[in-house]
Amino acid sequence: SDWSSDVCSSDLLSWIQPDRLMIGLNCLQPFAWTYPFANGGNDATVMPDARLTTIKTTGFDFVRMAVDNSALLGADSASNVTTTVLDTMIAEIITGIQRRTALGLKVILDFHFKGDISNYVAGYGFADVFDGGTKAARMSFVAARLGAALHTNINNGCGRANVCYEFFNEPPSPATVSTASYIVQLEAWWTAIRAAMPLHTIVVAGNNLNAYDGTPAGQASGLTSLTASHFDVNTGFAYHDYENGPFTMQGAGTYGPYSYGNGIRYPASLNSSESAVSSAFTTAAGSDTNAINMVVTQTTWASSIHQYFVTYGSKSLRAARLKVATDWSDAAGISRKRIFNTEGGVAFNASDDASDADAAQWIQDAKDNATAAGISCMTVHEMQGSTFGIQNTTTPWAFNASIQAALFP
């Protein structure tokens with residue numbers, strides 16, 4: 001078995017709850033994106049005990065605590081000789097984890113690598129850290145040092161059952177780094193982290209932004225390209241749930257071509273017609289021919305409105321996509337509890353995004369499908385800071401009522 005009732009055993013998936021789906025909240029605050037850490041305020045300001053308690057009492061089992069990798073990678077010396085600043089950062093991260101677990105929340109420590117963002121620490125983009133040389137070694141050193149701190153500081157009794165380590169957020173597309181190169185490097189990094197952190201659950205993911213499979217990229221990639229037997233039984237495998245962009249990212253200005261979408265309904269059957277949705281998008285996009293090509297013209301692409309209607313736009317269609325992951329785990333002979341949804345959601349809280357009701361239905365369907373499939377957890381994106389935000393930023397820290405009802409009826 002991949003787990004047992006003895007959560008202090010060293011040979012099991014220590015973080016999960018074997019008997020039910022756990023539900024978590026993705027939190028990009030405050031340990032991203034710079035140092036000193038202050039995204040939305042320092043930890044005591046943006047995540048006071050009262051807010052953490054509200055998250056717990058609302059029904060969430062865990063928070064996914066995003067940590068800015070670029071600050072860690074750029075600290076001190078790239079030769080790994082000096083670690084003073086790096087260790088100071090890691091100590092703050094450990095304190096943040098301990099604050100959350102003390103109030104009853106489990107934690108996914110998310111090594112939130114964003115190598116596609118140009119204003120991150122220079123020299124640590126995706127192409128840099130997959131060089132097989134000094135940058136890859138720096139990534140390994142920093143990731144393992146963070147893991148070692150977990151092992152040292154959060155390991156008393158069954159403490160490790162409260163924290164798992166996700167390495168790393170949304171790996172690159174095969175167009176940026178080949179799938180074969182990604183897998184080789186991921187396994188090397190995982191080996192270094194496991195050596196430093198022998199007892200905590202590690203969570204890894206396929207490339208192309210935690211995809212299920214190669215469907216979005218048009219070539220072999222994603223979770224199903226990983227070989228489960230290359231990792232130990234205390235390793236989980238993550239996917240991210242945003243399929244498909246015309247609905248989930250409509251109106252969100254930072255999400256490229258999908259920003260032209262407006263009023264697209266879920267399930268897709270609630271729309272008047274596919275042609276009407278496509279026509280409205282084309283009108284809104286105007287002269288942006290790239291957006292029109294991606295979302296309207298190329299009907300076989302995963303980014304298209306047509307694929308929303310035929311592949312992604314209902315509970316049953318989304319269950320079929322999740323089955324890609326569970327079929328992979330079943331074929332590998334591993335527990336479905338080793339499948340983690342570590343991020344997913346809908347842009348809904350601006351005037352041109354999805355409606356509250358449709359976003360809530362999408363999230364409820366995600367929960368129902370995950371429960372039926374028997375995977376370990378789902379993580380809702382996100383706490384605050386974007387049009388995906390589901391929680392108010394001031395006391396009493398209220399959650400959007402529709403989303404809350406969908407998650408915790």
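Here, every reference points to the structure presented above.
Analysis parameters
Residues numbered from 1 in each chain as written. Predicted model: local features only at pLDDT ≥ 70, side-chain atom pairs only at ≥ 80, totals over all residues. Heavy atoms only, no water. Core = buried A, V, L, I, M, F, W, Y, C linked by side-chain atoms within 4.5 Å. Buried < 20%, exposed > 50% of the residue type's maximum accessible area, 1.4 Å probe, protein only. Phe/Tyr/Trp six-rings, centres within 6.5 Å; stacked < 30°, edge-to-face > 60°. Helix = DSSP H or I, 4+ residues; strand = E, 2+ residues; numbered from the N terminus. Pairing = 2+ DSSP bridges. Axes fitted to C-alpha atoms, helices over the stretch in contact; angles between N-to-C directions. Parallel < 35°, antiparallel > 145°, perpendicular 65-115°, else oblique. Contact = heavy atoms within 4.5 Å. Nonpolar A, V, L, I, M, F, W, Y, C, P; charged D, E, K, R; others polar.

## Digging into the nonpolar core
Among the nonpolar cores identified, the biggest contains 107 residues, and I93, I97, F111, Y165, F167, F168 and F237 are the most heavily contacted of them. Counting twelve residues, the second largest nonpolar core, distinct from the first, contains F62, C164, F340 and C377.

## Topic: the packing of aromatic side chains
This structure, assessed with the given rule, holds 25 aromatic pairs. Ring geometry for Y35 and F37: centres 4.9 Å apart, planes at 80 degrees, overall edge-to-face. Residue Y35 is classed as partly exposed on the basis of its relative accessible area of 29%. Ring centres of F168 and Y182 lie 6.4 Å apart, and the angle between their planes is 75 degrees; this geometry places the pair in the edge-to-face category. With F168 in the loop between β4 (163-167) and α7 (179-196) and Y182 in helix α7, the pair connects residues that are 14 residues apart, well separated along the chain. Of the aromatic side chains, those joined through ring pairs into one cluster are F111, F113, F126, F130, F167, F168, Y182 and W189.

## Considering the pairing of strand β6 (residues 235-241)
The buried count for β6 comes to seven of seven residues, which makes it a mostly enclosed element. Burial along β6 is two-sided: the face carrying T235, F237, Y239 and D241 and the face carrying G236, A238 and H240 are both buried. Looking at chain direction, strand β5 (residues 202-205) and β6 are connected through four bridges and run parallel. Within the sheet, the bridge partner assigned to A205 lies in β6 and is A238.

## Thoughts on the packing of helix α10 (residues 274-285) against helix α11 (residues 289-297)
Between α10 and α11, whose axes approach to 10 Å, the crossing angle comes to 175 degrees. Considering the angle they form, α10 stands roughly antiparallel to α11. Contacts between α10 and α11 involve S278, F281, T282 and A285 on the former and, on the latter, A291, I292, V295 and V296. Residue composition of the contact of α10 with α11, grouped by class: six nonpolar, two polar and no charged.

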